[in-house]
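One-letter residues, chain by chain:
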Amino acid sequence: MGESRKSFYITTLGCPKNTADSASIHQSLLEEGLKPSLSPEDSDFHFINSCTFIQSATEETIQTILTAGEIKKSRDQKLIVVGCFSQRYPDAIQQDMPEVDLLFGTGKYAEAGRILREHFPLDFGNQKEFNKEMLSKLSVSDIVENYSKPYSYVKISDGCNRGCAFCIIPSLRGKFKDSTEEDIITQTQRALVSGAKEICLVSQDTIYYNKSEEKLAELLKKISGMQGLEILRPLYLYPDKKTYRLLDYFPEIPKLAPYLESPLQHVSANVLKSMNRSGDFEFFKDLYNKARAVMPGLEIRTSFILGFPGEKAEDVDLILRFLEEVKPEKVNLFPYSPQEGTKGEHMKGKPADREIARRVNLVRELHLSNLETIHQERLGKTYDAIVDEKAEDGIWVVRRFQDAPEIDEIVFVESDSLKVGDIGKVLIDSYQEYDMTGTWVES
Ligand code: SF4
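What counts, and at which threshold
- Residues numbered from 1 in each chain as written.
- Predicted model: local features only at pLDDT ≥ 70, side-chain atom pairs only at ≥ 80, totals over all residues.
- Helix = DSSP H or I, 4+ residues; strand = E, 2+ residues; numbered from the N terminus.
- Buried ≥ 20, exposed ≤ 12 C-beta atoms within 10 Å, placed from the backbone.
- Contact = placed C-beta atoms within 7 Å.
- Near = placed C-beta within 6 Å.
- Nonpolar A, V, L, I, M, F, W, Y, C, P; charged D, E, K, R; others polar.
- Axes fitted to C-alpha atoms, helices over the stretch in contact; angles between N-to-C directions.
- Parallel < 35°, antiparallel > 145°, perpendicular 65-115°, else oblique.
- Left-handed = near helix turned anticlockwise from the far one by under 90°.
- Domains from an automatic or database assignment.
- Pairing = 2+ DSSP bridges.
- Right-handed = clockwise from strand over helix to strand, strands pointing away.

### Let's talk about the overall build of the chain
Right, so step 1: Of the regular secondary structure elements, the chain holds 14 helices and 18 strands.
Right, so step 2: In terms of its C-alpha atoms, the chain occupies a principal-axis envelope of roughly 65 × 55 × 40 Å.
Right, so step 3: Here the chain holds 443 residues, and 43% of them are scored as buried.
Right, so step 4: Across the chain, contacts joining residues at least 24 apart in sequence account for 72% of those joining residues at least 6 apart.

### Overview of the site of the ligand
Right, so step 1: In the neighbourhood of the ligand, the contacting residues comprise Cys-160, Arg-162, Gly-163, Cys-164, Cys-167, Ile-169, Pro-170, Gln-204, Asp-205 and Tyr-238.
Right, so step 2: For the shell around the ligand, the residue count by class is 6 nonpolar, 2 polar and 2 charged.

### Regarding the environment of Pro-351
Right, so step 1: Checked against the element boundaries, Pro-351 lands in the loop between strand E13 (330-335) and helix H14 (353-378).
Right, so step 2: C-alpha separation for the pair Pro-351 and Gly-307, spaced 44 residues apart in sequence, amounts to 5.8 Å.
Right, so step 3: What Pro-351 contacts, discounting residues up to four positions off in sequence, is Gly-307, Glu-311 and Ile-356.

### A few points about the packing of helix H12 (residues 281-294) against helix H13 (residues 313-326)
Right, so step 1: As a packed pair, H12 and H13 sit with axes 11 Å apart at the nearest point and diverge in direction by 25°. By the angle class used here, H12 and H13 are roughly parallel. The handedness of the crossing between H12 and H13 is right-handed. Contacts between H12 and H13 involve Phe-281, Lys-285 and Tyr-288 from the former and Leu-318, Phe-322, Glu-325 and Val-326 from the latter.
Right, so step 2: Residue composition of the contact of H12 with H13, grouped by class: 5 nonpolar, no polar and 2 charged.

### Concerning the domain arrangement of the chain
Right, so step 1: Split into domains, the chain comes out as domain 1 (7-133), domain 2 (137-378) and domain 3 (382-442).
Right, so step 2: Taking only C-alpha atoms, the centre of domain 1 and the centre of domain 3 are 33 Å apart.

### Some remarks on the pairing of E13
Right, so step 1: When strand E12 (residues 299-306) meets E13, the two strands line up parallel, connected through 6 bridges. Bridge pairing links Phe-304 to Leu-333 in E13.
Right, so step 2: In this fold, the crossover linking E12 to E13 by way of H13 has right-handed handedness.

Listed below in structure tokens is the structure:
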């Protein structure tokens, strides 16, 4: 392939699902004959895979587009905005953001190369010169932002049928649709061949895969047996009875991470009902207790939305009680802000923003005090861990199997001999607010 090959860079915002989508864009652009570049400044095509999940995500997307608009002034570059933000606001982008040369929404990631070729009749080089076998080895699904990460995201479905009242995702991503098993296995294989040791399965509603927790368990077992895989981490398990039953299979899945991400959003049955979600305090407590019982050492990530319309002081007290009794190790807190186009948009009874902020702080304080206890219990213990990256000379970012990439706690380890992707044991020596320092004790 000659010098005529155009280059691309993908800036990915938002959640790991977007990272998986960026991997599809990446693959499609490679197949179309483009080559990846290492920075937006060096690329002919700069893609922004956008997010609009909450207000702050929308603001970050807008800021990123404006910054990219400045970058493109210095060279002949095309700026392409894709994903949730362009799905939601295509007219506004077309009218108010002249720096954007092309946009397309969700569901077209795998066609990015074709779409580009249709809009920019440029010389992309001769596609036929590609050696397909080499391409499949090169096209790691996680070489989107960084070429040296030992984990990769694989998407097992898209869309969601649940219709939570605060959530815009179903109208952006559409109805739930499974990926085929063949696709999932191919993507996983590609990532493993390219050096990933951990696979995170992502989707909007993972437990809904094939509408059956047995089928999901079968898929997990199949992936768990694949050569090169060391850690398997299904993310986003909706806290319902299916997830409760799926836990029975956990001990049979050899490479499964001791981890449960099951966002509750609330624990008050009244608030959950207005959110159009299921569950209550007792069910969630049982669910989390069961997860810890079937897999000793497992840690839990959850999230709560504070200030949903109708939320009363006693509902917040229930969340506080839940944190006291169950102590999930990782907690995300969102102050509720109504999203245009959701069922919650016109609901009455939203607490004032200052009151919502107060509630968020109350819950955060309790979680931070829990975290102090959790950290104390981790001191002096050793954990299975993976080396994610070099922080600086002689200092490595290590992650326990109990922590998901890019979101959970990390452990800083001093060493002259580690390398990215090493798997071994880390001994926890100390901690700061969230992160820890430790010693690599065994490879
Ligand atoms: S389960 Fe609820 S919060 Fe999650 S994507 Fe579906 S509608 Fe949104």
